[in-house]
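Now for the letters of each chain:
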Amino acid sequence: MFIGHYGIGLLAKKNKQLPSLAIMFIAVQLLDLIWPILVLLGIESLSIDPGNTKLTHLNFEFYPYSHSLFMALMWSIIFGLCYLLFTKNKKGSLILGALVMSHWILDFITHRPDLPIAPFSDLKVGLGLWNYPVLETILELSLFGIGAFLYFKSPNFKRKIAFWLLVLFLLIVHMMNLLSPPPPSVVAVAWSANLMWLIVIWAWWIEKKPSSN
Ligand SMILES: [Zn+2]
């Protein structure tokens, strides 16, 4: 799951009282933003395994701190509380907590049973939709399409070209993920995953107030 996560972020962004799209994007991808850092630090691990599922060449061997159910709940609470602390916006913090959790739920639907329940448990779960490429693609594109449409229809929509370029960019990256050969190395995977911060900056740019001059 890649652009489906962003679909949920776009979907959640309806009115001005809510956190910015950039913060929504951090929330929906928080687990995948933490994960490459832990991989590069040698705390979590993966391997290149062509055909691991029909839609990914990656074998997520060990990622209980970024991707277990228990830790996803912890990250949700921490992220929501941090936002509450800085903004006193209760509704926004609840939505952000739910968005962090939405990542785990979508990963649970798509990953094969490689998602740990907790760092202290050997039980792993996952429904494996990645082995059903047509269904997975329909789900993911629908989430993204509905999210992009609702965001486009929201009253505070601005920066049209920046927004449509982002939509196009995410669709291209998604296609490349699906069609590209296995990545050259684990380090390359982790570094390219860090590029997801670019999408956060892009979302910030879309909603940035125009300068007065
Ligand atoms: Zn993930």
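Along each chain, residue indices are assigned from 1 in the same order as the chain's sequence is written. The model is predicted, so local features are restricted to residues of pLDDT at least 70 and side-chain atom pairs to those at 80 or more, both for listing and for counting; the totals for chains, interfaces and linings are taken over all residues. In computing side-chain properties, one takes all heavy atoms of the structure into account and sets aside hydrogens as well as water.

Caption draft 1: Examining the overall build of the protein chain more closely. Helix and strand labels come from DSSP, where a helix needs a run of H or I of at least four residues and a strand needs a run of E of at least two; each type is numbered from the N terminus. The helix and strand inventory of the protein chain stands at 10 helices and 4 strands. Listed N to C, the secondary structure of the protein chain is α-α-α-β-β-α-α-α-β-β-α-α-α-α in terms of helices and strands. Radius of gyration means the value over C-alpha atoms here, while the globule rule gives 2.2 Å times the residue count to the 0.38 power. The C-alpha radius of gyration computed for the protein chain amounts to 17 Å, which stays within 12% of the reference 17 Å derived for 213 residues, consistent with globular compactness. Buried residues are those whose accessible area, probed at 1.4 Å on protein chains only, stays under 20% of the maximum for their type, while exposed residues exceed 50% and partly exposed ones sit between those limits. Relative to its 213 residues, the protein chain shows a buried fraction of 48%. For the area figures, the Shrake-Rupley method with a 1.4 Å probe applies, and any residue is considered shielded solely by the protein chains shown. When the accessible area of the protein chain is evaluated, it comes to approximately 10900 Å², of which 74% is carbon and sulfur surface.

Caption draft 2: Highlighting the coordination of the zinc ion. Coordinating N, O and S atoms are those within 2.8 Å of the metal (3.2 Å for Na, K and Ca), and as water is not part of the atoms, a site may appear to have fewer donors than expected. Protein coordination of the zinc ion is provided by Asp32 (OD), His67 (NE2), His103 (NE2) and Asp107 (OD), with donor distances spanning 2.0 to 2.2 Å. Note on geometry labels: four donors, all angles 85 to 135 degrees, give tetrahedral; four donors become square planar and six octahedral when opposite donors are over 155 degrees apart and every other angle is between 65 and 115; remaining cases are irregular. If you look at the zinc ion, its 4 donor atoms make angles of 81 to 171 degrees with each other, and the shape they trace is irregular. Counting residues between consecutive donors of the zinc ion along the chain gives the motif D-x34-H-x35-H-x3-D. Of this pair, Asp32 sits in helix H3 (residues 30-40) while His103 sits in helix H6 (residues 90-110); the two residues are 71 residues apart in sequence, bridging distant segments of the chain.

Caption draft 3: Region of the structure containing the nonpolar core. Tyr6, Leu10, Phe25, Trp35, Leu99, Phe163 and Leu170 are the most contacted members of the largest nonpolar core, which totals 58 residues. Every residue in contact with Leu170, bar those within four places of it in the chain, is listed here: Phe2, Ile3, Tyr6, Phe144 and Ile199. Among the buried residues, those of types Ala, Val, Leu, Ile, Met, Phe, Trp, Tyr and Cys that are joined through side-chain atoms within 4.5 Å form a nonpolar core. The contact rule is simple, with two residues in contact once any of their heavy atoms fall within 4.5 Å.

Caption draft 4: Quick peek at unusual backbone geometry. The phi dihedral of Lys88 falls on the positive side, at around 60 degrees, and the residue is not glycine. Within the secondary structure, Lys88 is located in the loop between helix H5 (69-87) and H6. For Lys88, a relative accessible area of 65% puts it in the exposed group.

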